[in-house]
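Each chain, written out:
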Amino acid sequence: MVVSLVIVLAAYVSASGDSSGSASSSTATSSTAAGSTSTAAGELRLGYFANVTHASAVVGVAHGDFAKALGATKLTTQLYNAGPAEMTALLGGQLDAAYVGPSSALSAFVTSHGQALKIVAGATSGGAELVVRPGINTVADLKGKTLATPQKGNTQDVALRAWLKQNGLTANTDGTGDVSVNPQDNAATLDQFKAGHIDGAWLPEPWASRMVLEAGAKVLVDERSLWPNGQFATTNLVVSTTFLNAHPDTVKALIDGQIAANQWITADPADAQKLVNDQLKALTGKALSATEIQRAFSEQTATDDPLAASLQTSMDHAVSTGLLKTTDLHGIFDLTLLNTELAKNGLAAVSDAGLSTK
């Protein structure tokens, strides 16, 4: 993961010297009533996953909340399986914004020496589990076993390796150690578990629920049990720093769309589950069962709060497993637009944990 991010870093740094960005960042200017100039972009390129943990994005697109808020700005979307590949695209100038887990955002931030991106909002808390074969009852039972994660260095991959290390087991990034960790596509993980080729996986929703309900896996670790008050960031909204600087109006509109999407998810969970499930079928070719979509939603919470205080812990986990080097995280958040829009909606401001300023 780190190698792939380094490869595109030079291209990112070169591109970031031109504040106009790519063609997708062309500005649609207009005079405001106050005589200032709008900074709306002609196009916004947004990455996200066809996962329940990305319900804010799935709903924002399908329910029309993003389109309504963005107005004349064209929304172009791209799907990903895991965060490292998505962050490579953002660093390479192929995306302007993305829904992604904290570990992948941290990797892009570290690799770009703090230049590449800002976390501008949260999206999801919870929704990740270590699910295993029946008969595996303790962490000690995992010795000699093979587990899967969505991609090397992604948020669940870091969580698994850090948890194993905390419990006295090694899971080296070269595949050796007490536990073998195989990063792979989530669909392949489900198939390989059913075929008996792997013993479990640390996965986001809905894949954890599919493993339990379709393949007979059991939950060994609900990640919520490892965090204070059961709250931790699974998905955040990040924006290219170049795009944010050039088009704050567009970023503000995207945040407005997310706030509307999350309010609808919270107010009407039954319809939100149906819409997300319909979109999963459209995007992946397979819908979840009613039990699966209900279970997946019950494991997580939609939130605009990025739970900034949990980010340093995510960083510490990545460092402890050798996936990242220690880095000062000051400057990784910019929650100014989020808190402004939350106030307009009568909602409480969220904390940056002191990490907005360098």
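Use the structure listed above.
Residues numbered from 1 in each chain as written. Predicted model: local features only at pLDDT ≥ 70, side-chain atom pairs only at ≥ 80, totals over all residues. Heavy atoms only, no water.

1. Section: the overall build of the chain
When its secondary structure is counted, the chain shows 14 helices and 13 strands. In the chain, of all internal contacts separated by at least 6 residues, the share reaching a separation of at least 24 is 76%. A total of about 13,700 Å² of accessible surface is found on the chain, and carbon and sulfur atoms cover 52% of it. (Helix = DSSP H or I, 4+ residues; strand = E, 2+ residues; numbered from the N terminus. Contact = heavy atoms within 4.5 Å. Areas by Shrake-Rupley, 256 points an atom, 1.4 Å probe, with all protein chains shown as cover.)

2. Here's the deal with the sheet that holds strand E10 (residues 200-204)
In spatial order, the strands read E9-E8-E10-E7-E11; together these 5 strands make up an open sheet with mixed pairing. Sheet topology places strand E9 (180-183) and strand E11 (218-222) at the edges, where each strand pairs with a single neighbour. Direction aside, neighbouring strands of the sheet carry axes that sit 25° apart on average. Lying over the sheet, helix H8 (residues 207-215) contacts strand E7 (128-132), E10 and E11, oriented at roughly 135° with respect to E10. (Pairing = 2+ DSSP bridges. Axes fitted to C-alpha atoms, helices over the stretch in contact; angles between N-to-C directions.)

3. Re unusual backbone geometry
Look at the link from Glu 205 to Pro 206: it is a cis peptide, with omega at 15°. Mapping Pro 206 onto the fold places it in the loop between E10 and H8. Residue His 113 is not a glycine yet carries a positive backbone phi of 55°. Inspection of the secondary structure assignment puts His 113 in the loop between helix H5 (102-111) and strand E6 (117-126). Even without glycine at this site, Asn 229 takes up a positive phi of about 60°. Considering the arrangement of structural elements, one finds Asn 229 in the loop between E11 and strand E12 (233-240). On the basis of relative accessibility, which here comes to 75%, the residue Asn 229 falls in the exposed class. (Buried < 20%, exposed > 50% of the residue type's maximum accessible area, 1.4 Å probe, protein only.)

4. Examining the nonpolar core
Ranked by size, the top nonpolar core spans 70 residues in total, and within it Leu 237, Val 276 and Ile 332 carry the most contacts. With 8 residues, helix H10 (residues 248-267) is the largest single contributor of residues to this core. Discounting chain neighbours no more than four positions away, the residues touching Ile 332 are Leu 106, Phe 109, Leu 117, Lys 118, Ile 119, Leu 311 and Leu 355. Leu 142, Leu 147, Leu 169 and Phe 232 belong to the second-largest nonpolar core, a separate cluster that totals 18 residues. (Core = buried A, V, L, I, M, F, W, Y, C linked by side-chain atoms within 4.5 Å.)

5. Considering the sheet that holds E6
The 6 strands are arranged E4-E3-E5-E12-E6-E13 in an open sheet whose pairing can be described as mixed. Every interior strand has two partners, whereas the edge strands, strand E4 (74-80) and strand E13 (300-302), have only one. Put simply, the sheet's adjacent strands are angled 25° from each other on average, direction ignored. Sheet topology places E6 next to E12; 7 bridges connect them, and they run antiparallel. Note that in E12 the partner of Thr 124 across the bridge is Thr 235.

6. Structural notes on H8
Restricting attention to buried positions, one finds in H8 the residues Trp 207, Ala 208, Ser 209, Arg 210, Met 211 and Val 212. Those residues of H8 that are buried lie in contact with E7, helix H7 (186-194), E10, E11 and helix H12 (290-298).

7. A word on the pairing of strand E8 (residues 146-149)
The two faces of E8 match: Thr 146 and Ala 148 on one face and Leu 147 and Thr 149 on the other face are all buried. Of the strand pairs in this sheet, E8 and E9 are connected by 4 bridges, and their pairing is parallel. Counterpart to Leu 147 in the pairing with E9 is Val 181.

8. Regarding the packing of helix H2 (residues 55-62) against helix H11 (residues 269-284)
Interhelical geometry of H2 versus H11 gives an angle of 85° and a closest axis separation of 10 Å. Taken together, the axis directions place H2 and H11 in an arrangement best described as roughly perpendicular. Only Leu 275, Val 276 and Gln 279 of H11 make contact with H2, whose side of the interface consists of Ala 55, Val 58, Val 59 and Ala 62. Tallied by class, residues from the contact of H2 with H11 come to 6 nonpolar, 1 polar and no charged. (Parallel < 35°, antiparallel > 145°, perpendicular 65-115°, else oblique. Nonpolar A, V, L, I, M, F, W, Y, C, P; charged D, E, K, R; others polar.)

Functional significance is not addressed by these values, which are geometric in nature.
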